[in-house]
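# Topology and contacts: notes
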Amino acid sequence: MFLGTTTHSIDSKGRIVLPSRFREELGESFYISRGFFDCVQVISIPEFEGLRKKIKQMNASDAFKLQYRIIATAVEVSPNSQGRISIPANLRKAAGLEKTATVVGMDNRIEIWDEEKFNEMISTSDETIEAALSQLIL
């Protein structure tokens, strides 16, 4: 399970350090792809395979949308000796990643956000969280 939020710089080659506790859980290699929102997501190989299978079971219209968004943009990566992964230019551009990123543990995946976009997203979500919270209260 991935938990917590950290901030990291992105170097001039598009590399970022993932927290060691995340790297340990991900294994030697894993996938990165476009996320569900304006972010890059990091997914273990078994989790990615499960996601792929679920997408294949969906109706064709929805499956194609997710395949183009997630599967077609996926790249298998391995951290270097310093724990850095290289984020391809197309994924950095799609997420607006330039200098500083927020790495967010999201239970079964990790999201990498532009720091400003992430802060904006979580500040506006406070307005809509009441409906979601009401589903947790029995």
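Quick note: structure is the one above.
### Points about the overall build of the chain
Counting its regular elements, the chain contains six helices and eight strands. Put simply, the chain runs from its N terminus to its C terminus through helices and strands in the order β-β-α-β-β-α-α-β-β-α-β-β-α-α. For 138 residues, the compact-globule formula gives about 14 Å, and the C-alpha radius of gyration of the chain, at 15 Å, lands near that figure. Its C-alpha atoms give the chain principal-axis dimensions of about 45 × 35 × 25 Å. For the chain, long-range pairs separated by at least 24 residues make up 61% of all intrachain contacts whose partners lie at least 6 apart in sequence. Element-wise, carbon and sulfur atoms account for 53% of the exposed surface of the chain, whose accessible area totals about 8,400 Å².

### A closer look at the layout of surface pockets
Approximately 160 Å³ is the volume found for the largest pocket. Around the largest pocket, the lining residues are F37, V104, M106, R109, E111, W113, F118, M121 and I122. Residue assignment for the lining of the largest pocket shows that the elements contributing at least two residues are β8 (110-114) and α5 (115-125). Top element by residues in the lining of the largest pocket is α5. It accounts for three residues. Grouping the amino acids of the lining of the largest pocket by side-chain chemistry returns seven nonpolar, no polar and two charged.

Here is what the cut-offs are and how they apply
Residue numbering note: each chain is counted from 1, following its sequence as written. Local features in this predicted model are restricted to residues whose pLDDT is 70 or higher, and side-chain atom pairs enter the listing and the counts only when it is 80 or higher, whereas totals over whole chains, interfaces and linings include all residues. Hydrogens and waters are ignored; side-chain quantities use all the structure's heavy atoms. Only DSSP runs of H or I covering at least 4 residues are called helices, and only runs of E covering at least 2 are called strands; the numbering of each starts at the N terminus. Values of the radius of gyration come from C-alpha atoms, whereas the globule rule sets the reference at 2.2 Å times the count of residues to the power 0.38. In this analysis, two residues are considered to be in contact whenever any of their non-hydrogen atoms come within 4.5 Å of each other. The method behind every accessible area is Shrake-Rupley, applied with a 1.4 Å probe, and residues are considered shielded solely by the protein chains displayed. Throughout, the protein atoms alone are placed on a 1 Å grid, and a set of points is a cavity if a 1.4 Å probe fits but cannot get out or a pocket if it is open with protein on both sides within 12 Å along at least five of seven lines; lining residues have an atom within 4 Å of a point. Grid points are joined across faces, edges and corners, and a volume is the space filled by probe spheres set on the points. Three classes are used, and their members are as follows: Ala, Val, Leu, Ile, Met, Phe, Trp, Tyr, Cys and Pro are nonpolar, Asp, Glu, Lys and Arg are charged, and the others, Gly among them, are polar.

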